[in-house]
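What follows is each chain in one-letter form.
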Amino acid sequence: MSRIGKMPVVIPQGVTVDIQPGNVVTVKGPKGQLTTTLSGEMTLEQKENEIIVTRPDDLKRHKALHGLTRALLNNMVVGVTDGFSKTLEINGVGYRAQKQGKKLVLSLGYSHPIEMEDPEGLESTVEGNKIVIKGIDKQAVGQYAANIREKRGPEPYKGKGIKYADEIIRRKVGKTGKK
């Protein structure tokens with residue numbers, strides 16, 4: 001049995017979960033509403049204040065889907081109650097970020113500034129050399145953070161670029177002179 005899949009998803013106070021036929025799940029909470037279609041092969045049961053995910057048999061595919069389905073459900077519940085955030089750091093001389101309304105303007109050593117519009121449901125804030133992205137959809141928050149990081153990824157020699165706050169950049173030794 002999947003260790004993740006067999007744990008029930010606890011629904012906190014103030015959150016409503018609606019399971020439609022075809023495993024279309026809608027979760028409403030204090031921060032907003034999320035809707036997704038989960039695999040139809042899994043069975044979702046709502047008992048009082050928790051959801052239990054069960055699988056039909058022990059096929060390898062069903063074992064994989066079991067844990068995935070439970071994790072996606074849990075992420076939806078956590079998203080509408082607490083929300084998710086990712087923090088990015090900008091390192092490098094002259095590299096900076098600023099907000100202009102819903103636009104994030106990045107100066108990353110290119111000949112032009114890079115403007116990125118905040119996607120629907122996400123909010124980015126700039127605090128010094130840190131960019132904080134917040135939202136209720138874990139996948140959207142991670143994707144937007146990855147898109148920002150992609151504009152100038154960290155380089156291994158001086159560590160310049162955009163990196164995740166908890167990311168460790170493996171540094172390389174530079175060139176050495178001949179003797």
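That block above? That's the structure.
Residues numbered from 1 in each chain as written. Predicted model: local features only at pLDDT ≥ 70, side-chain atom pairs only at ≥ 80, totals over all residues. Heavy atoms only, no water.

(A) Layout of the sheet that holds strand 8 (residues 96–100). Taken together, 3 strands build an open sheet; the order of strands is 8-9-10 and the sheet is antiparallel. What marks the edges here is a single partner per strand, and that holds for strand 8 and strand 10 (114–117). Between one strand and the next, the sheet's axes are offset by a mean angle of 25 degrees, whatever the strand orientation. With respect to the sheet, helix 2 (residues 138–150) is in contact with strand 9 (103–107) and strand 10, its orientation differing from that of strand 10 by roughly 175 degrees. (Pairing = 2+ DSSP bridges. Helix = DSSP H or I, 4+ residues; strand = E, 2+ residues; numbered from the N terminus. Axes fitted to C-alpha atoms, helices over the stretch in contact; angles between N-to-C directions. Contact = heavy atoms within 4.5 Å.)

(B) Highlighting the environment of Ser111. Mapping Ser111 onto the fold places it in the loop between strand 9 and strand 10. As a C-alpha pair, Ser111 and Lys163 span 52 residues in sequence and 21 Å in three-dimensional space. Side-chain polar atoms of Ser111 contact the side chain of His112, separated by 3.5 Å. (Polar contact = N/O pair within 3.5 Å; in protein donor to acceptor, adjacent residues only side chain to side chain.)

(C) Looking closely at helix 2. Between its first and last C-alpha atoms helix 2 spans 18 Å; for 13 residues at 1.5 Å apiece the expected length is 18 Å, and the two agree. Among the residues of helix 2, those classed as buried are Val141, Tyr144, Ala145 and Ile148. Considered in projection along helix 2, the buried side chains sweep an arc of 100 degrees and stay on one side of the axis. Facing away from the buried side of helix 2, by more than 90 degrees, are the exposed residues Gln139 and Glu150. Looking at the packing, one finds that the buried side of helix 2 touches strand 7 (84–91), strand 9, strand 10, strand 11 (122–127), strand 12 (130–135) and strand 13 (161–164). (Expected span 1.5 Å × (residues − 1). Buried < 20%, exposed > 50% of the residue type's maximum accessible area, 1.4 Å probe, protein only. Arc of directions from axis to C-beta.)

(D) The pairing of strand 8, seen in detail. Bridge count for strand 8 against strand 9 is 5 bridges, and the pairing is antiparallel. The residue of strand 9 that forms the bridge with Ala97 is Leu106. Taking the residues that link successive antiparallel strands as the turn, the strand 8-strand 9 hairpin has 2 residues, and the phi of Gly101 there is positive, at about 70 degrees.

(E) Broad picture of the side chain of Asn23. Among the structural elements, Asn23 can be located in the loop between strand 2 (16–20) and strand 3 (24–29). Judged by its relative accessible area of 10%, Asn23 is buried. If we ignore the near neighbours within four places in the chain, the residues touching Asn23 are Thr36, Thr37, Leu38, Ser39, Gly40, Met42 and Leu44.

(F) Spotlight on the pattern of salt bridges. For the coordinates displayed, the defined rule picks out 8 salt bridges. The partner of Glu41 in a salt bridge is Arg61, and the shortest N-O contact between them spans 2.6 Å. Of this pair, Glu41 sits in the loop between strand 4 (32–37) and strand 5 (43–47) while Arg61 sits in helix 1 (residues 60–81), and the two are 20 residues apart along the sequence. Assessed through its relative accessible area of 28%, Glu41 is described here as partly exposed. Between Lys103 and Glu115 there is a salt bridge; the shortest N-O distance is 3.3 Å. In this pair, Lys103 sits in strand 9 while Glu115 sits in strand 10, placing the two residues 12 residues apart along the sequence. Judged by relative accessible area, which is 32%, Lys103 ranks as partly exposed. (Salt bridge = Lys/Arg side-chain N within 4 Å of Asp/Glu carboxyl O.)

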